[in-house]
Amino acid sequence: MGRWSTAARTPLGLTAAVLAGSVLGLAVLAPVVWGTSADAVDTGSILSPPSGEHWAGTDNLGRDILARTLVATRLSVLLALAATAIAVLAGLVLGTAPFLLGRRLGRVVTAAVNIAVAFPGLLLALFFATIFGVGATGAVFAIGLAGAPAFARLTQTLVAGVAARDYVAAARVAGVGRLRVLLRHVLPNISEPLVVNATVGTGAALLSFAGLSFLGLGVQQPGYDWGRLLYDGIGAIYVNPAAALTPGAAVLVAGLAFNLVGETVAKALGVGGVARRPGRAPRAVPGLAPVAADEAPRAVGDDLVLDVRDLEVTVPGARGPVRPVRGVTFSVRRGEALGVVGESGSGKSLTALAVSRLAGDLARVEAGRLTLLGTDLTEADGRAHRRLLGTSLAMVFQDPTTSFNPTRRVGAQLAEGARHHQGLGRAEALARAVDRLGAVRIPEPERRARQYPHEFSGGMRQRAMIGMGLMGSPSLVVADEPTTALDVTVQQQVLDLLADVRAADDVALVLISHDVAVVRSVCDRVVVMYAGRIVEDLPAASLDDDARHPYTRALVAAVPDMDTDLEAALPVIPGTPADPGALPPGCAYAPRCPLASARCVEEDPSLVSDDTGHRVACWHADGPAEAATTAAPGEVGVP
Amino acid sequence: MASTGLLARAGSRDMLPAARPWAGFAVRRLGRLLVSLWVLVTASFLMIHLIPGDPVRAALGPTAPTELVEAKRRALGLDEPLPVQYADFLRGLVTGDLGTSLVSQLPVSQVVAQRLPATLVLAGLAFVLAVTVAVPLGVAVGVLTRRGHGRRTELAFTTTSVVLGTIPDFLFGVALVYVFGVGLGWLPVAGASGASAYVLPVLALAVGPAAVLSRIIRVEMVGVVEADYVRTARAKRLPDRTVYLGHALPNALTASLTLAGIILSSMVAGTVLVENVFAWPGLGSTIVQSIVSKDYPMVQAVVLVYGLGVLVVNTLVDVALALLDPRSLIREA
């Protein structure tokens, strides 16, 4: 019951409760309190406008409009409830029929419901009103039956969902009859969404009833509901507008009350669809702002493609800003392949997006230096910048299935950038797209270019994505987990293709991956990231015997190779990756590190380079490597 | 069914020529349209037979002489066996003979032809207005309120659109009559004489659906701008305009279309109420009068026309969906 009181305390729940309470209260009390005055004929003041005596004026017999509107609450609500009851009942019968009747007959019912549900409720109501005749009873049946198909459809969907579950199947196998299974196992499990929709349906029935009575097809004189009062009032709208507006307002308030109650109930029950999204994260100032570099810039060679110094990325979090990338410095030379490895959450993908200026406008990106081919990317986002990024930097994303726009042809998606940045015409750009698809070894590129992404296989899509990057003349390819979403059989194809692209035109490659084996096979140099920092930067060839950071060694040890003992459990790194929202003062890896000492816990080691350019951030980097390698497998043995 | 074969071939991907999925789609969609049409025609035929008691007696009243009732029954063909009546009904539909009104004695087809244009114009204008307002509005607010942006805009927009979407069209019509007709006296509130007479009925019919539709499009837009393919479009460094309108919008529309179809087809029926608020000389006034006066042939014909309108709208929505999202061509309906 806790969730009910919680729901009732929200502004929405409170409004709903107050409105619905007033409507129901009026339905009970109004005929008792104002019943007499509502029927009191006053020939002295016929069709009079609002006055002190009659707040909403009078009708053509001098009866008080306000009293009549209040009294009409009972009939209006009762009729709406009756119609909803019919809709729910008929909907349940139709909706559970497929389950009870078996496949063949069930299909007929489903098809009939599907056809009926395509017609608007009002049209169905008019159809049934003709059959049942004009009047309140006929209208109740008309609106009830008109609402049945929608309810039947909902029930069908819900029943089908529950019927597929194991416990229902088990009950069926155990020989329990269909009806019994339905009543015992299926209906109780779908009752919550049904209740929500019945509540919302009552509001809809109330509005429909007002509509039908307003058309003169519902309640007939001398009876009156809100719709009937509206029907009588609209004729006199020039004489006394309040005669139409008062019942109109009543309809609106009551309809809203039922809708709000439905939404509140939905929220309390956690039924999807109606509930809104959770609160938004606080907004960060977007854009790039340079921060002071605490390190003297290294000599910049002509062949430097990407140079990143002290990159920091701050994103809004649930409890204030979080910094998942904290001072990352690296550079990539022409033709060089740099691997960036680390567990998920290490900040490697965000680093890639930030240097590519795709981190989104919620992320605040700061860098002491961020240049692509010597051009400063921290400056304003001008057209020249966009062209440079659009033609010199190629991105390859993780999931090629979601990274292509499903509504556009592959060729057009490739051609688009070239048309924009290189000023190519439609035909020229498309010809180049076909050429590039051929270059990434897609067979029949002309035909393929005319196809949509869903007609491609996963590996083909990723190759097309690489082809998209080759539309310009890229100096740098940033590939973020390019093989993770692919079948093992096509992973190697994509990696080979990236290697070829790199070799053919001296293109630099930044390959982000959690897979040390992939990085080792493709890259010259490897940057290891942990908790938003680079913890080691070393040649790929040194991974096996010269890794100095315990984390790097643990990553390498976790990769099985030909010599791995198949009987023994694979080594894993104990503990969980650091939470960028709650980092310790010392080394972020210390809580998981077998070599951690008091100093590691207190002081964060900085990234220090030796003569060969091998960088490492660890207090124990110069210490006994043997101890670490022997300690690591022992520590990491059991998952 | 013939469509299953085509579908199976369309399903085997990689090797399909571009024309095939369309053929499969056309066959399936046409099949569904024909079945729905048959159900609609049969339901409107059966309507008169489902009425409890004798419909002719009910129409002519308890005081009408028995001979007159019998004559009328014969004239309507109600004394024939049901299958014969059904065949006659279908033949009449094909030849455009919808029977004779019990009240005015005019051919039903003549009345429909005379009243239909006013309803079509009203519904058409409201339809166009709702879409042309809802799509740009939903897209613009969607972009403004994308993740982490414009919380106040979102709250204001959502509140306004929920309130406007909750008001039933006929109540909105009454409010418009009060404000612009009675209060300000700017616009005519009854009849269809002159262009200014269209303003209020079209508004009454279009505002609610436009509010609901723009809200749906906004929600879809907010979701779609987070999609991977939008990031891909950004990676191509296309201008924001191209990213939003060229890449996000078609996908947001695709996702909104199914609900949009329901909203738009409910506008067809919505004309009935709005026409009665504004004394519009269309089919909406006709059907209500005919139901009240038990003029069954007339009701049958108007129900058929409305139903047909709904089927046309639903089919157009499916075609639009197929044009926007080629995946829907091979998706089982």
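Procedures and definitions
Residues numbered from 1 in each chain as written. Chains lettered and ligands numbered in written order. Predicted model: local features only at pLDDT ≥ 70, side-chain atom pairs only at ≥ 80, totals over all residues. Heavy atoms only, no water. Helix = DSSP H or I, 4+ residues; strand = E, 2+ residues; numbered from the N terminus. Buried < 20%, exposed > 50% of the residue type's maximum accessible area, 1.4 Å probe, protein only. Domains from an automatic or database assignment. Buried area = accessible area lost by both parts, 1.4 Å probe. Salt bridge = Lys/Arg side-chain N within 4 Å of Asp/Glu carboxyl O. Polar contact = N/O pair within 3.5 Å; in protein donor to acceptor, adjacent residues only side chain to side chain. Pairing = 2+ DSSP bridges. Contact = heavy atoms within 4.5 Å. Axes fitted to C-alpha atoms, helices over the stretch in contact; angles between N-to-C directions. Patch = residues over 30% accessible without salt bridge, like charges linked within 9 Å, V, L, I, M, F, W, Y side chains within 5 Å. Areas by Shrake-Rupley, 256 points an atom, 1.4 Å probe, with all protein chains shown as cover. Lys, Arg positive; Asp, Glu negative; His and termini not counted. Charge placed at Lys NZ, Arg CZ, Asp CG, Glu CD. Expected span 1.5 Å × (residues − 1). Arc of directions from axis to C-beta. 1 Å grid on protein atoms, 1.4 Å probe; cavity = no way out; pocket = protein on both sides within 12 Å on 5 of 7 lines; lining within 4 Å. Points joined across faces, edges and corners; volume = space filled by probe spheres on them. Nonpolar A, V, L, I, M, F, W, Y, C, P; charged D, E, K, R; others polar. Phe/Tyr/Trp six-rings, centres within 6.5 Å; stacked < 30°, edge-to-face > 60°. Lys NZ or Arg CZ within 6 Å of the ring centre and 35° of its normal. Disulfide = S-S within 2.5 Å. Parallel < 35°, antiparallel > 145°, perpendicular 65-115°, else oblique. Left-handed = near helix turned anticlockwise from the far one by under 90°.

Caption draft 1: Expanded view of the overall build of chain B. Check the secondary structure of chain B and you find 14 helices and 0 strands. Counting helices and strands in the order they occur from the N terminus, chain B gives α-α-α-α-α-α-α-α-α-α-α-α-α-α. Taken over the C-alpha atoms alone, chain B extends approximately 80 × 65 × 30 Å along its principal axes. Evaluated residue by residue, chain B yields a buried proportion of 49% over its 333 residues.

Caption draft 2: Region of interest: the domain arrangement of chain B. Residues and elements named next belong to chain B. For chain B, the domain assignment lists domain 1 (2-95) and domain 2 (108-332). For domain 1 and domain 2, the distance between their C-alpha centres works out to 28 Å. Of the roughly 2000 Å² buried between domain 1 and domain 2, counting both surfaces, carbon and sulfur atoms make up 75%. Remark: the boundary between domain 1 and domain 2 carries 2 salt bridges. A salt bridge links Asp-318 to Arg-29; the nearest nitrogen and oxygen atoms lie 2.6 Å apart. For the pair domain 1 and domain 2, the number of links is 5 residue pairs in polar contact (both at pLDDT 80 or more).

Caption draft 3: Highlighting unusual backbone geometry. All names here are of chain A. Of the consecutive residues Gln-221 and Pro-222, the connecting peptide bond is found in the cis state with omega at 10°. Position of Pro-222 among the secondary structure elements: in the loop between helix H8 (178-214) and helix H9 (226-234). Although it is not a glycine, Glu-444 sits at a positive phi angle of roughly 50°. Relative to the assigned elements, Glu-444 resides in the loop between helix H15 (426-439) and helix H16 (445-449).

Caption draft 4: Region of interest: the sheet that holds strand S9 (residues 476-480) of chain A. Residues and elements named next belong to chain A. Read across the open sheet, the 8 strands follow the order S8-S9-S10-S4-S11-S12-S14-S13; overall the sheet is mixed. Looking at which strands have only one partner, the edges of the open sheet turn out to be strand S8 (393-396) and strand S13 (608-609). Two strands pair when backbone bridges link them, and S9 and strand S10 (residues 508-513) are joined in this way by 5 bridges, in the parallel orientation. Bridge pairing in S10 links Val-478 to Val-510. Of the strands in this sheet, S8 and S9 are in contact with helix H12 (residues 383-392), which crosses S8 at around 55°. On the sheet, helix H20 (residues 550-557) packs against strand S4 (337-341), strand S11 (525-530) and strand S12 (533-539) and is oriented at approximately 110° with respect to S11.

Caption draft 5: A negative patch on the surface, seen in detail. Residue and element names in this part refer to chain B. Residues Glu-67, Glu-70, Asp-79 and Glu-80 make up a contiguous surface patch of negative charge. Of note, Asp-79 is situated in the loop between helix H4 (66-76) and helix H5 (82-95). Residue Asp-79 is classed as partly exposed on the basis of its relative accessible area, which comes to 47%.

Caption draft 6: The arrangement of helix H18 (residues 488-505) of chain A in detail. All names here are of chain A. Its 18 residues give H18 an end-to-end C-alpha distance of 27 Å, which sits within 8% of 26 Å, the value for a rise of 1.5 Å per residue. Turning to H18, its buried residues are Val-490, Val-494, Leu-495, Leu-497, Leu-498, Val-501 and Arg-502. All buried residues of H18 fall inside an arc of 155° around its axis, so they share one side. When the buried face of H18 is taken as reference, the exposed residues oriented beyond 90 degrees from it are Val-488, Thr-489, Ala-503 and Ala-504. Contacts from the buried residues of H18 go to S4, H15, helix H17 (458-469), S9, S10 and helix H19 (516-522). Asp-506, located one to two residues past H18, shows a positive phi value of around 55°.

Caption draft 7: Molecular detail of empty space enclosed by the protein. Taken as a whole and assessed by the stated rule, the structure comprises 8 cavities of 30 Å³ or more. One number sums up the size of the largest cavity: a volume of about 190 Å³. Around the largest cavity, the lining comprises 18 residues; the ones closest to its centre are Gly390(A), Met468(A), Gly469(A), Ala235(B) and Lys236(B). Put simply, the parts of the chain that give the lining of the largest cavity at least two residues each are H12, S8, helix H14 (410-421) and H17 of chain A together with helix H10 (228-235) of chain B. The element best represented in the lining of the largest cavity is H14(A), accounting for 4 residues. Considered class by class, the residues forming the lining of the largest cavity number 9 nonpolar, 8 polar and 1 charged.

Caption draft 8: Quick peek at the packing of aromatic side chains. For the coordinates displayed, the defined rule picks out 10 aromatic pairs over all chains. Here the aromatic rings of Phe127(A) and Phe128(A) are separated by 5.3 Å at their centres, their planes lie at 80°, and the arrangement is edge-to-face. For the ring pair Phe214(A) and Phe170(B), a centre distance of 5.3 Å and an interplane angle of 25° mean the geometry is stacked. Of this pair, Phe214(A) sits in helix H8 while Phe170(B) sits in helix H8 (residues 169-183), on two different chains. On the basis of relative accessible area, Phe214(A) is assigned to the buried category, the value being 3%. Cluster of aromatic residues (ring-pair linked, three or more members): Phe127(A), Phe128(A), Phe132(A) and Phe141(A). Above the plane of the ring of Phe456(A) lies Arg448(A), whose end atom (NZ or CZ) is 5.3 Å from the centre. Taking the ring centre of Trp619(A) as reference, the NZ or CZ of Arg599(A) above it sits at 3.6 Å.

Caption draft 9: Focus on the pattern of salt bridges. In the structure shown here, the tally under the stated rule is 31 salt bridges over all chains. When the shortest N-O distance is used, the salt bridge between Glu416(A) and Lys236(B) registers 2.9 Å. With Glu416(A) in helix H14 and Lys236(B) in the loop between H10 and helix H11 (240-277), this pair bridges two chains. Of the two residues examined, Glu416(A) and Lys236(B), each falls in the buried class. Each of Glu336(A), Arg525(A), Asp537(A) and Arg615(A) takes part in a single network of salt bridges with overlapping partners.

Caption draft 10: Inspection of the domain arrangement of chain A at higher detail. Along its sequence, chain A is carved into domain 1 (2-269) and domain 2 (539-639). Placing the centre of domain 1 of chain A and that of domain 2 of chain A at their C-alpha centroids yields a distance of 66 Å.

Caption draft 11: Quick peek at the interface of chain B and chain A. Taken together, the contact between chain B and chain A spans 76 residues of the former and 70 residues of the latter. A combined buried area of about 6400 Å² lies between chain B and chain A, and 69% of that area is made up of carbon and sulfur atoms. Among the residues of chain B in contact with chain A, Arg231(B), Lys236(B) and Arg237(B) are the three that bury the most area, contributing 12% of the side total. In this assembly, chain B and chain A are joined by 2 salt bridges. Taken together, the connections running from chain B to chain A amount to 16 residue pairs in polar contact (both at pLDDT 80 or more). The greatest single-element share of the side of chain B that touches chain A, amounting to 15 residues, is contributed by H11(B). Residue composition of the side of chain B that touches chain A, by class: 41 nonpolar, 21 polar and 14 charged.

Caption draft 12: Representation of the state of the cysteines. Residues and elements named next belong to chain A. A full pass over the atoms with the stated rule returns 0 disulfides over all chains. Between Cys-600, a cysteine without a disulfide, and Cys-587, which holds the nearest cysteine sulfur, the sulfur-to-sulfur distance is 6.1 Å. Owing to a relative accessible area of 5%, Cys-600 belongs among the buried residues under this scheme.

Caption draft 13: Up close: the side chain of Arg525(A). Residue and element names in this part refer to chain A. Position of Arg-525 relative to the elements: it lies in strand S11. Side-chain polar atoms of Arg-525 contact the backbone oxygen of Ser-331, separated by 2.6 Å. Polar side-chain contacts of Arg-525 include one of 2.7 Å to the side chain of Glu-336.

Caption draft 14: Geometry of the pairing of strand S6 (residues 369-372) of chain A. All names here are of chain A. Bridge analysis of strand S2 (residues 304-317) against S6 gives 4 bridges, and the strand direction is antiparallel. Each bridged residue has a counterpart across the sheet, and for Val-308 the counterpart in S6 is Leu-370. Relative to strand S7 (residues 375-376), S6 runs antiparallel, the two sharing 2 bridges. Bridging from a neighbouring strand, Thr-371 pairs with Asp-376 of S7.

Caption draft 15: Examining the packing of helix H2 (residues 11-39) of chain A against helix H10 (residues 242-269) of chain A more closely. All names here are of chain A. Packing of H2 against H10 leaves a shortest axis separation of 8 Å and a crossing angle of 135°. Considering their axes alone, H2 and H10 lie oblique with respect to each other. Handedness of the H2/H10 crossing: left-handed. On H10, the residues that touch Leu-12, Gly-13, Thr-15, Ala-16, Leu-19, Ala-20 and Val-23 of H2 are Val-253, Ala-254, Ala-257, Leu-260, Val-261, Glu-263, Thr-264 and Lys-267. Residues that form the contact of H2 with H10 fall into these classes: 10 nonpolar, 3 polar and 2 charged.

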